[in-house]
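Spelled out from the first residue to the last, the chains are:
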Amino acid sequence: MFSYFEDLDRTLAAMNHLRRRVDRRLDDLEPAPSRSPGVERMWSGRFPSLSCADTGASLVFEADLPGLDEKDVQLEVHQDVLTLRGERRQDAPQGWLVHRQERAPVKFSRSFTLPCKVDLEKSTARLKDGVLTLTLVKATEARPRQIAVNAH
Amino acid sequence: MNEASMNKREPERMAERATYAPPVDIFENKEEILILADVPGVVLEGLTVNLDGDHLTLEGHRRSRASGGDEAVDYRRTFVVPRGIDSDKIAATIHNGVLRLVLPKPVALKPRQIEVKAG
């Protein structure tokens, strides 16, 4: 019995080791940082980069979607899960010599669990200058309420 | 900024804002060089393109997000381009957060046909 667990331990350790090695290899494939003066970093995270905020009355999502039209983006709320889906197509011109290509075509899907009920009728989504702003208005019962403090 | 950049003696920015290198595509044909850059949230008014000798710098300033989740950021990148490009002829447009820069090549760089005559 004891040796059985030891074997399992060893197998798991070997798997862990392999995973670390694969991770390191994948790190090597990351694009090299740019050397332009003053530039701190290159965006190498997930696409699209986005932020979400709770403003009290609503949840605001802002996603960077450069090069996408409104028809390239799908937003869906199913139960309490918001899914942002889309595709950025290749926009390279034909017949040109390619020197550099960092803006890869991409298909993406990101899902978020919403922390409260939202009113979809009042919610809005706007795509402007390559930035999608989604405002999900909270259901009335989910909004914060002030409780008056009375002196007696 | 950090120690590493001090050591490299790079010029420092006045404002302490995050600066990102936007991903770019660069193409060339006989007449022009075309640069496409992802600069979401930047409008033409917030964009500067500067050609200094053979250094082309594109800089875009982006307002902070409405949700206040992020501070304002800058996009900035510098490329070495062929000498002799006329800065007045550089055309810049932004559509859906993608910057499109067209640089007409100087005459000296355009391919020329040399006629071959039979002797």
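Owing to the predicted nature of the structure, the values given are computational and were not obtained by experimental measurement.

Draft legend 1. Structural detail: the overall build of chain A. Scanning chain A from N- to C-terminus turns up one helix and nine strands. Walking chain A from its N terminus toward its C terminus, one meets helices and strands in the order α-β-β-β-β-β-β-β-β-β. Within chain A, the proportion of its 152 residues that are buried is 30%.

Draft legend 2. Geometry of the environment of Arg100 of chain B. Residues and elements named next belong to chain B. Its location among the elements puts Arg100 in strand β8 (residues 98-104). Expressed as a C-alpha distance, the spacing of Arg100 and Tyr20, which sit 80 residues apart in the sequence, is 18 Å. With sequence-adjacent residues up to four places away left out, Arg100 is seen in contact with Leu34, Ile35, Leu36, Ala91, Ala92 and Thr93.

Draft legend 3. Spatial organisation of the nonpolar core. Formed by 22 residues in total, the largest nonpolar core has its most connected members in Ile35, Leu56, Leu101 and Leu103 of chain B. Counting eight residues, the second largest nonpolar core, distinct from the first, contains Leu82, Leu114, Val118 and Leu134 of chain A.

Draft legend 4. Local environment of the interface of chain B and chain A. Opposite the 40 residues of chain B that make contact, chain A presents 36 residues. Between the two partners, chain B and chain A, sit five salt bridges. Measuring nitrogen to oxygen at the nearest pair gives 2.9 Å for the salt bridge that ties Asp38 of chain B to Arg88 of chain A. On the surface where chain B and chain A come into contact, there are 15 residue pairs in polar contact (both at pLDDT 80 or more). At the level of secondary structure, the elements contributing two or more residues to the side of chain B that touches chain A comprise β1 (18-21), β2 (24-28), β3 (32-38) and β6 (73-80) of chain B. For the side of chain B that touches chain A, the element with the most residues is β3 of chain B, which contributes six residues.

Draft legend 5. How the structure looks around the pairing of β2 of chain B. Among the five residues that make up β2 of chain B, five are buried, leaving the element largely enclosed by the rest of the structure. By the alternation rule, side chains of β2 of chain B split into Val24, Ile26 and Glu28 of chain B and Asp25 and Phe27 of chain B, which are all buried. Bridge analysis of strand β6 (residues 97-101) of chain A against β2 of chain B gives four bridges, and the strand direction is antiparallel. Paired with Gln101 of chain A across the two strands is Asp25 of chain B, which belongs to β2 of chain B. Taken together, the five bridges between β2 of chain B and β3 of chain B define a ladder with antiparallel strand orientation.

Draft legend 6. Up close: the packing of aromatic side chains. All names here are of chain A. Following the criterion strictly, the structure yields two aromatic pairs over all chains and no others. Relative to Phe108, the ring of Phe47 lies with its centre 5.4 Å away and its plane at 65 degrees, an arrangement referred to as edge-to-face. Highlighted residues: Phe47 in the loop between β1 (41-42) and β2 (50-54) and Phe108 in strand β7 (residues 106-113), separated in sequence by 61 residues.

Draft legend 7. Looking closely at the state of the cysteines. Scanning all chains against the criterion turns up zero disulfides over all chains. No disulfide involves Cys116 of chain A; its sulfur sits 12 Å from the nearest other cysteine sulfur, which is in Cys52 of chain A.

Draft legend 8. Structural view of the sheet that holds β6 of chain A. Spatially, five strands are ordered β6(A)-β2(B)-β3(B)-β8(B)-β7(B) in an open sheet, and the strand pairing comes out antiparallel. Every interior strand has two partners, whereas the edge strands, β6 of chain A together with β7 (91-95) of chain B, have only one. Across the sheet, the axes of successive neighbouring strands diverge by a mean angle of 15 degrees, strand direction being ignored.

Draft legend 9. Geometry of the side chain of Arg110 of chain A. Residues and elements named next belong to chain A. With respect to the helices and strands, Arg110 occurs in strand β7. A polar contact is formed between the side chain of Arg110 and the backbone oxygen of Pro48, at a distance of 2.7 Å. Not counting residues up to four positions away in its chain, the partners in contact with Arg110 are Arg46, Phe47, Pro48, Leu50, Leu82, Thr83 and Leu84.

Definitions and limits used
Residues numbered from 1 in each chain as written. Chains lettered and ligands numbered in written order. Predicted model: local features only at pLDDT ≥ 70, side-chain atom pairs only at ≥ 80, totals over all residues. Heavy atoms only, no water. Helix = DSSP H or I, 4+ residues; strand = E, 2+ residues; numbered from the N terminus. Buried < 20%, exposed > 50% of the residue type's maximum accessible area, 1.4 Å probe, protein only. Contact = heavy atoms within 4.5 Å. Core = buried A, V, L, I, M, F, W, Y, C linked by side-chain atoms within 4.5 Å. Salt bridge = Lys/Arg side-chain N within 4 Å of Asp/Glu carboxyl O. Polar contact = N/O pair within 3.5 Å; in protein donor to acceptor, adjacent residues only side chain to side chain. Pairing = 2+ DSSP bridges. Phe/Tyr/Trp six-rings, centres within 6.5 Å; stacked < 30°, edge-to-face > 60°. Disulfide = S-S within 2.5 Å. Axes fitted to C-alpha atoms, helices over the stretch in contact; angles between N-to-C directions.

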